[in-house]
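Reading the structure
Below, each chain spelled out in residue letters.
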Amino acid sequence: MQQRMDAVVANASHIYLDRGVELAGGWIAVRHGRVAAYGDSGTPAPPADRVIDAGGRVVTPGLINTHHHIYQNLTRSFGPAVNGTLFGWLTTLYPMWARLDQDGAYYSAYVGIAELLLGGCTTSTDHLYVHPRPGLIDAEIRAAQDIGFRFYPTRGSMSRSEEDGYLPPRSVVQKNDVILEDSERLIRAYHDPSPGALIRVALAPCSPFSVDDDLMRATAELSERHGVRMHTHLAEDPDEDSFCLGHYGRTPVEHFEDVGWANDRSWVAHFAYPSDAESKRLAKAGVGVAHCPSSNMVLCGATANVPRLRSYGMPVGLGCDGSASADAASLWMEARGALMLARFVNGAGAFTARDALDVGTRGSAACLGWEDEIGHLTVGALADLVVWDMASVSLAGALDDPIEALLRCGPATAWTTMVGGRVLVDGGELQLPGLPDALREHRRIAADLQRAL
Ligand SMILES: [Zn+2]
């Protein structure tokens, strides 16, 4: 007798299971939060407690977000900051972020995760690097736990303030020993290295221009001791080059290597301005890149050369970056942005929709060192998947290649988003009873922060 499944996603018109593995129609069966079996449309699906009808729709692995600052959705699209450079934008927003408290961290995460789920994201990192008050990362982890989302917060930090000639105001930076102590506390309290984990933690000093060498080195040692990953911004902006050359006498990448970060436990956001030799060195060292197309177009004026970095063997994943720089947080949109940008920069033959999808799934999972369980739908992988609505007006007529259609047409939204077998978006609707309250609180807190200037 066939084993009864917890759920079956049935009648899909197309299933992208993994890089190079697709079914022209079929089903996926889920048991105990994992992919238990799949089959094409000619094979009968096993019996299940719940049948999710994906009729006429495309199924992919959930997209994975490797760079975000969720709290910034409290200051999205803020007038005086929107037309500045990266450094000008930061100095405008820092005083507002200095008012962030635990409620702000909780509700921004709750609303931010809801937004990510609608854009087809099933695992997200977050990089919270302002700490005007304690317990902010604990608060956002609570939001992820309340939702049941797979969450990978990184303990961000800044230790240099405007008093030392740097950008951030004194109220959002911390001393190195406080940062390191809290990093260790968070690892012990929340980091779950076991299979199927819903919460993992990484360490993430903000950037070469906001922390000192000692903190970068001590963070690398701490991450090695606990076997956790490391994340930071790197080579994002020409101002960062001038800053590093002036302060350290070396480029941002040389600085990164010098402080002991060039290894396969690290992934970096942006990587838009490295030299070719630097790219090759970090690729060889196993460093991953979180590619953030929208943020690059809004703020940075350059972008990671994704086809070239991938040709060097570098893991490249997708990131939506902070909601205040990219303003939207849809991984579908970032996958489409990656497709457009790579073709714009490298030529029409350089990058396909499948490449972009691979970046947002396998590539992102590789950045997080989690390719054994997420970023694909092979048997035994976690049941983190998305059913995409292909019947919308904007996809009418796209009958030939469903994966090209998914990223070229649109906007496409998630019809179903499943995390570990749990349905969090159903029929295009978020299944979050706490959302109306969270949106009301979020609005109140955002208005309060934006009055602070
Ligand atoms: Zn960022």
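Everything numeric here is computed off the predicted structure, so don't read it as measured data.

Details of the coordination of the zinc ion
- The protein atoms that coordinate the zinc ion are H67 (NE2), H69 (NE2), H233 (NE2) and D321 (OD), at distances of 2.1 to 2.4 Å.
- With four donor atoms in place around the zinc ion and angles of 88 to 176 degrees between them, the coordination shape is irregular.

Section: the domain arrangement of the chain
- The domain boundaries assigned to the chain delineate domain 1 (5-61 + 383-430) and domain 2 (63-367).
- Listed per partner, the contact involves 32 residues of domain 1 and 29 residues of domain 2.
- Approximately 2500 Å² of surface area, both sides summed, lies buried where domain 1 meets domain 2, with 58% of it carried by carbon and sulfur atoms.
- Area buried by domain 1 at its contact with domain 2 is led by L407, R408 and L430, which between them contribute 24% of it.

Details of the nonpolar core
- Formed by 117 residues in total, the largest nonpolar core has its most connected members in W97, L117 and F271.
- The greatest single-element share of this core, amounting to ten residues, is contributed by helix α2 (residues 102-118).
- Once you skip the residues sitting within four places of it in the chain, F271 turns out to touch L234, A235, V253, S279, L282, V289, A304, L309 and M314.
- Counting residues in hydrophobic clusters, the runner-up holds 18 residues, among them A7, I15, L17 and A383.

A word on the pattern of salt bridges
- Overall, the coordinates contain 30 salt bridges when judged by the stated rule.
- Two residues, R362 and D18, come together in a salt bridge whose shortest N-O distance is 2.9 Å. A residue pair is termed long-range when its members are at least 10 positions apart, and R362 in helix α12 (residues 353-367) and D18 in strand β2 (residues 14-18) qualify at 344 residues. For the pair R362 and D18, one class covers both residues: buried.

Comments concerning the sheet that holds strand β5 (residues 34-40)
- Read across the open sheet, the four strands follow the order β5-β4-β1-β6; overall the sheet is mixed. Sheet topology places β5 and β6 (48-53) at the edges, where each strand pairs with a single neighbour. Within the sheet, the average angular offset between the axes of one strand and its neighbour, ignoring direction, is 20 degrees.
- With five bridges connecting them, strand β1 (residues 5-12) and β6 associate as parallel partners. Within β6, the position partnered with V8 by the bridge is V51.

The rules we used
Residues numbered from 1 in each chain as written. Predicted model: local features only at pLDDT ≥ 70, side-chain atom pairs only at ≥ 80, totals over all residues. Heavy atoms only, no water. Donors = N, O, S within 2.8 Å, 3.2 Å for Na, K, Ca; no water. Tetrahedral: all angles 85-135°; square planar, octahedral: opposite > 155°, others 65-115°. Domains from an automatic or database assignment. Contact = heavy atoms within 4.5 Å. Buried area = accessible area lost by both parts, 1.4 Å probe. Core = buried A, V, L, I, M, F, W, Y, C linked by side-chain atoms within 4.5 Å. Buried < 20%, exposed > 50% of the residue type's maximum accessible area, 1.4 Å probe, protein only. Helix = DSSP H or I, 4+ residues; strand = E, 2+ residues; numbered from the N terminus. Salt bridge = Lys/Arg side-chain N within 4 Å of Asp/Glu carboxyl O. Pairing = 2+ DSSP bridges. Axes fitted to C-alpha atoms, helices over the stretch in contact; angles between N-to-C directions.

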